[in-house]
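Examining the three-dimensional arrangement
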Amino acid sequence: MPEFDWRSPESYKRLQDTEITDIAWECLRRNADYRREYEAMIANSPDGEVTLEFRRRWGLCFRP
């Protein structure tokens, strides 16, 4: 993982053109509770589908 100096304005330049959904996904994928719940749900799902309840709980529902 590259070094990131949160105090340096230079570190944020590449984020200026980043979509908010990309930032949200990065935060979500680092969340240990999310990962744990996702793994448990997939393990208990015969078809590996993500439930509506899970998507709503973690904000994975997007309106057109």
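Here's what I pulled together on the structure shown here. (Residues numbered from 1 in each chain as written. Predicted model: local features only at pLDDT ≥ 70, side-chain atom pairs only at ≥ 80, totals over all residues. Heavy atoms only, no water.)

**A short note on the packing of aromatic side chains**
By convention here, two paired aromatic rings are described through the distance between centres and the angle between planes. Inspection of the entire model under this criterion finds five aromatic pairs. Summarising the aromatic geometry, the rings of W25 and Y34 are spaced 6.2 Å apart at their centres and angled 90° between planes, so their arrangement reads as edge-to-face. Residue W25 is classed as partly exposed on the basis of its relative accessible area of 43%. Among the residues examined, Y34 registers a relative accessible area of 7% and is labelled buried. Ring geometry for Y38 and F54: centres 6.1 Å apart, planes at 50°, overall tilted. With a gap of 16 residues between them, Y38 in helix α2 (residues 32-43) and F54 in helix α3 (residues 52-57) connect regions that are remote in the sequence. (Phe/Tyr/Trp six-rings, centres within 6.5 Å; stacked < 30°, edge-to-face > 60°. Buried < 20%, exposed > 50% of the residue type's maximum accessible area, 1.4 Å probe, protein only. Helix = DSSP H or I, 4+ residues; strand = E, 2+ residues; numbered from the N terminus.)

**Topic: the nonpolar core**
Listed in full, the five residues of the largest apolar core are L28, Y34, M41, F54 and W58. Residue contacts for F54: discarding those within four places in its chain leaves Y34, E37, Y38, M41 and L60. (Core = buried A, V, L, I, M, F, W, Y, C linked by side-chain atoms within 4.5 Å. Contact = heavy atoms within 4.5 Å.)

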